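# Per-entry structural report
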Amino acid sequence: QVQLVESGGGLVQPGGSLRLSCAASGTIFDINAMGWYRQAPGKQRELVAIIISGGRTIYVDSVKGRFTISRDNAKNTVYLQMNSLTPEDTAVYYCNVVSRSTRWEPNGSYWGQGTQVTVSS
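Notes on the structure in this doc start here.

Conventions we followed
Residues numbered from 1 in each chain as written. Predicted model: local features only at pLDDT ≥ 70, side-chain atom pairs only at ≥ 80, totals over all residues. Heavy atoms only, no water. Core = buried A, V, L, I, M, F, W, Y, C linked by side-chain atoms within 4.5 Å. Buried < 20%, exposed > 50% of the residue type's maximum accessible area, 1.4 Å probe, protein only. Helix = DSSP H or I, 4+ residues; strand = E, 2+ residues; numbered from the N terminus. Pairing = 2+ DSSP bridges. Axes fitted to C-alpha atoms, helices over the stretch in contact; angles between N-to-C directions. Salt bridge = Lys/Arg side-chain N within 4 Å of Asp/Glu carboxyl O.

Core analysis: the biggest nonpolar cluster contains 27 residues, and Trp-36, Leu-80, Met-82 and Tyr-93 have the highest contact counts within it. Going through the elements one at a time, β1 (2-7), β3 (18-26), β4 (30-39), β5 (46-52), β7 (67-72), β8 (77-82), β9 (91-100) and β11 (115-119) are the ones with two or more residues in this core.

Time to look at the sheet that holds β7. The four strands are arranged β1-β3-β8-β7 in an open sheet whose pairing can be described as antiparallel. Of all the strands in the sheet, the pair left with one neighbour each is β1 and β7. Each strand axis lies, on average, 15° off the axis of its neighbour in the sheet, ignoring direction. Alignment of β7 against β8, held across six bridges, turns out to be antiparallel. Across the sheet, residue Phe-67 finds its bridge partner in β8, namely Met-82.

The next thing to look at is unusual backbone geometry. Despite not being glycine, Asn-76 shows a phi value in the positive range, around 50°. Among the structural elements, Asn-76 can be located in the loop between β7 and β8. You will see that Ser-84, though not glycine, has its phi angle at about 50°, which is positive. Inspection of the secondary structure assignment puts Ser-84 in the loop between β8 and β9. A relative accessible area of 40% means that Ser-84 is categorised as partly exposed.

Attention now moves to the pattern of salt bridges. A full pass over the atoms with the stated rule returns five salt bridges. Put simply, Glu-46 and Arg-38 hold a salt bridge, and the shortest N to O gap is 2.7 Å. Residue classification places Arg-38 among the buried positions, given a relative accessible area of 6%. The salt bridge involving Asp-61 is made with Lys-64; its shortest N-O contact spans 2.9 Å. For Asp-61, a relative accessible area of 60% puts it in the exposed group. One salt-bridge network, held together by shared partners, links Arg-38, Glu-46, Arg-66 and Asp-89.

Written as structure tokens, this is what we have:
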């Protein structure tokens, strides 16, 4: 089992920045993907950014050039640096990790509890 602890959400003015962190712990053999999703009120959860093994990153178009996802392999931690925030970025942000507990097990998908990001003046 994998536990995820998120931090870094909060209230910020338009144009401001926030940095989200998500630390994974538990029975981890390897991590194949770490990502951030978000869900705004009345909307479906959407992928924001993901970093897969090998370091390849994928972003939703609306955050390209403003958000940066990174990963610290030694700490099993993924970060989301969010710059030039707009009210449209307001949502609950969820961390997701895809990992194996042993080399013989299939990948499992794990979710954090979510952290609120509110962009408002």
